[in-house]
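Results of the structural survey
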Amino acid sequence: MHHLLPLLVAVPLLGAALLAAAGRRLPRPAAELTGLLVCAATAALALVLLLNSSPPVVEWAGGWVPVGGESVGIEVIGDGPSLGMATLVSLLTLSALAYSWRYFDEPPRGHAGSFPALMLVFQGAMCGFALAGDLFNAFVFFELMSVVAYALTGFRIDEAKAVQGALTFGVVNSLGAYAMLTGIGLLYARTGELSMSKIGRGLDTAAGHGGPDALVLAAFVLVLTGLLVKAATVPFHFWLPDAHAVAPTPVCMLLSGVMVELGVYGVWRVYGTVFAGPGGIPAADLTRALVTLGVLTAVTGAVMCWYQRHIKRLLAFSTIAHTGLFLVAVGVLTPEGDDGAALYILGHAGVKAALFACAGALLDRFGSVDEHELHGRARELRATGVLFAVGGLALAGLPPFGTGLGKAVSEEAVGGPLTVVYVLASAVTAGAVLRVAARVFLGLGPPPEDTDAYETSGSAERPETSGLLRRVPDTMTTVPAVLLAAALAMGTVPGFGDLVARSVNEAGSGGARASAAWTLHGVLLGLVSAALAVALATAAVTRSHRPSAPAWMTPLRRLQSGHVGDYVAWLLLGSTLLAALALPGVLGG
Amino acid sequence: MSALMQVLPYLIAAYVFLTGCYGLATSRNLIHAVGCLSVCQVSTYILLLAVGYRSGGTAPVFSDIKPGTRPLVDPVVQALTLTDIVVGATVTALLLALVLQIVKRHGTLDPDELRELRG
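All figures in this text were calculated on a predicted structure; none of them were measured in a lab.

Where helix α21 (residues 564-588) of chain A meets helix α1 (residues 3-26) of chain B, the closest approach of the two axes is 6 Å, and the angle between their N-to-C directions is 140°. With respect to each other, α21(A) and α1(B) are oriented oblique. For the crossing formed where α21(A) meets α1(B), the hand is left-handed. Here Gly565(A), Val568(A), Ala569(A) and Leu572(A) of α21(A) lie close against α1(B), whose contacting residues are Cys21(B), Leu24(B) and Ala25(B). Here the residues of the contact of α21(A) with α1(B) sort into six nonpolar, one polar and no charged.

Here's what the structure looks like:
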């Protein structure tokens, strides 16, 4: 069975090659059907492999098995988390393709295969990154998924904003990837290995009783820089809102739903396999680094989210806030934390993709994603409005949604004052979504006044369809409904939490078992978050003559300058910060 | 070989990487910025090849030497560098294509004048 693992990468890539070659001659329905079928077949395979992933398996691609402990082959890992991420990637790609079924207007006319082909490459690359067992292949798939993501972000090449966002995305992410490769080079220099588990053992052997040294710290910082750029952690996050605001909606669903989360997954995988031993970075230092950056990310993301009027940008900042929460949960390095992060990522993927899908419906119906301009105009889109509001509540972690379960388990794991960060970040981001729902779909409250603030408005956007839609197609309401139902099922199906927890803990956490089920404490905190979100949205909608943002926000907003040079400078500063946070362990060792 | 000669390639790699980053951060031209990104990437080639270097080693090609008779430089890093070059070519080509579109849509190459996305 485990010989089938490399197919999760190969099938989408072959499908993409087929579509790229034959796309010119295929009519559009045939091309899209091919894309859907290949994607669905990969998703089915990933699901079957996931159900057979206990105990975890390792496959050597092409039969290059290690001889005498030495390996030159490509290691593919098939454990719960890797196959879980691959399944999530495949299912989300499937829903994005279904969402774009016959609606998405593509500029390269006459080549119907180009969009599904790119989506399949994206799927294959993300699956490859999830399954990679050696660091160099992780880098290659990291770059592959990045490059496809740049191309997909700038897919509407006639859009001024889209190409700018794609270029920023490209420069910052590629720079992060090169930092990661430099770190991999340093690790290879020390250990002579590329396989993650063998690098881990090599570091422990090389360190002897001495603990980590400067080279290990440098490698750690460089590899994590790459992964945290992908995970959009403050201060590496600036590319994300620019890219997510301009990418086509089906692409946003994938970027926000799963690609950013793959960065968090990478941090978990790389730390647990490479740096967790005595020759790596001590646990206390990793916790300090990840929890500090995670809290900073959650707070910045939540505050910036609240003061957005561009709906897709608002959702993008909410993704940043939630990624911060995932990082905190992973950073506490307990089995419960890992379980919480895994469940939260699963629930968040469904909810955030559904919210983006609803925002896409607004864009294609009204040619705008501006909260102020759309005030009260979307009353007719009842189904989309209900889905958007339900998505907002789910984002707050309202029980029994999967996001609520993940949030509850994470809160139990982090404990203490960090719980407050979870409640506030989820409440503020969900409050912003509910505020949009109340204003746009119900027309509640006075229309907000336009100010000439330093912001991106989101009005006068070109729809992704050929011309404005007169009615929203069924696929564009069915897909978010199914995604939200899936997020609901994750929290309600009995034993789902325990199942995820078991497969996560089997792969990491040193075999420790934790259970992940609803507790009274978690349910209450979820209800508090949801109530707080509703209260915030009500307050925002009913208060009239509110200035669009207080004065203290201006410096924070000015940081998000859209200037690629600034973002590169922040990336360097972030690496330095990361090194400073992880330094005490090396000095003490 | 002196200690300096052993460390020198790593220092050069770090210097090249930081030079590229400086160029990116201060760039006034997007084509120049994409070039700077390639400069950053070149530092990874230097680092990888330096890692694989063996004093007195020869190229890992066995057409004219018997395996085991001479020291060889590490072929793995050379394979990595080749892969890295392919990755870099893809990224540069795509980013330059995006720059072309930016010039068409914004009418400027100066990142300071791109004001569509902010806040």
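Next comes the rest of the write-up.
All names here are of chain A. Evaluated as defined, the whole model comprises 11 aromatic pairs over all chains. Their ring planes at 75° and their centres at 5.1 Å tell us that Tyr-150 and Phe-169 sit as a pair that is edge-to-face. Linking Tyr-150 in helix α5 (residues 135-153) with Phe-169 in helix α6 (residues 160-191), this pair joins segments that are 19 residues apart in sequence. Assigned by exposure class, Tyr-150 and Phe-169 land together as buried.

Before going further, it helps to spend a moment on the interface of chain B and chain A. Between chain B and chain A, the contact holds 37 residues from the first and 49 residues from the second. Here chain B packs against chain A, burying approximately 3,900 Å² in sum over the two surfaces, 76% of which is carbon and sulfur. The interface formed by chain B and chain A includes one salt bridge. With its nearest N and O atoms 3.2 Å apart, the salt bridge here joins Asp158(A) to Arg105(B). In this assembly, chain B and chain A are joined by six residue pairs in polar contact (both at pLDDT 80 or more). Per-element accounting of the side of chain B that touches chain A gives the leading share, 17 residues, to helix α3 (residues 75-106) of chain B.

So, about the confidence of the model for chain A. For chain A, mean pLDDT is 90; residues scoring 70 or higher make up 96% of the total. Averaged over each element, pLDDT in chain A is lowest for helix α20 (residues 553-559) of chain A (85) and highest for helix α12 (residues 311-331) of chain A (96).

Before going further, it helps to examine the nonpolar core. Phe122(A), Trp239(A) and Phe275(A) are the most contacted members of the largest nonpolar core, which has 225 residues in total. With residues up to four places along the chain from it excluded, the contact list for Trp239(A) reads Thr168(A), Phe169(A), Val172(A), Asn173(A), Val229(A), Lys230(A), Ala232(A), His244(A), Met259(A), Val260(A) and Tyr567(A).

Listed under "domain: NADH:quinone oxidoreductase/Mrp antiporter transmembrane" (unreviewed entry) in the UniProt record, and renumbered for this structure, are residues 132-410 of chain A. Helix makes up 77% of residues 132-410 of chain A and strand 0%. Its end C-alpha atoms lie 26 Å apart.

Let us look at the pattern of salt bridges. Residue and element names in this part refer to chain A. Per the stated rule, a full pass over the model turns up 15 salt bridges over all chains. With a closest N to O distance of 3.1 Å, Glu-380 and Arg-365 form a salt bridge. In this pair, Glu-380 is assigned in the loop between α13 (335-366) and α14 (382-395) and Arg-365 in helix α13, connecting sequence segments 15 residues apart. The exposure class of Arg-365 is buried, given its relative accessible area of 17%. Here Glu-371 ties to Arg-439 by a salt bridge, and the two come within 2.7 Å at their closest N and O atoms. A residue pair is termed long-range when its members are at least 10 positions apart, and Glu-371 in the loop between α13 and α14 and Arg-439 in helix α16 (residues 418-442) qualify at 68 residues. What you see here is one network of salt bridges that share partners, running through Glu-371, Arg-435 and Arg-439.

Thresholds applied
- Residues numbered from 1 in each chain as written.
- Chains lettered and ligands numbered in written order.
- Predicted model: local features only at pLDDT ≥ 70, side-chain atom pairs only at ≥ 80, totals over all residues.
- Heavy atoms only, no water.
- Axes fitted to C-alpha atoms, helices over the stretch in contact; angles between N-to-C directions.
- Helix = DSSP H or I, 4+ residues; strand = E, 2+ residues; numbered from the N terminus.
- Parallel < 35°, antiparallel > 145°, perpendicular 65-115°, else oblique.
- Left-handed = near helix turned anticlockwise from the far one by under 90°.
- Contact = heavy atoms within 4.5 Å.
- Nonpolar A, V, L, I, M, F, W, Y, C, P; charged D, E, K, R; others polar.
- Phe/Tyr/Trp six-rings, centres within 6.5 Å; stacked < 30°, edge-to-face > 60°.
- Buried < 20%, exposed > 50% of the residue type's maximum accessible area, 1.4 Å probe, protein only.
- Buried area = accessible area lost by both parts, 1.4 Å probe.
- Salt bridge = Lys/Arg side-chain N within 4 Å of Asp/Glu carboxyl O.
- Polar contact = N/O pair within 3.5 Å; in protein donor to acceptor, adjacent residues only side chain to side chain.
- pLDDT = per-residue confidence, 0-100.
- Core = buried A, V, L, I, M, F, W, Y, C linked by side-chain atoms within 4.5 Å.
- UniProt positions renumbered as here; feature names shortened; annotations may be inferred.

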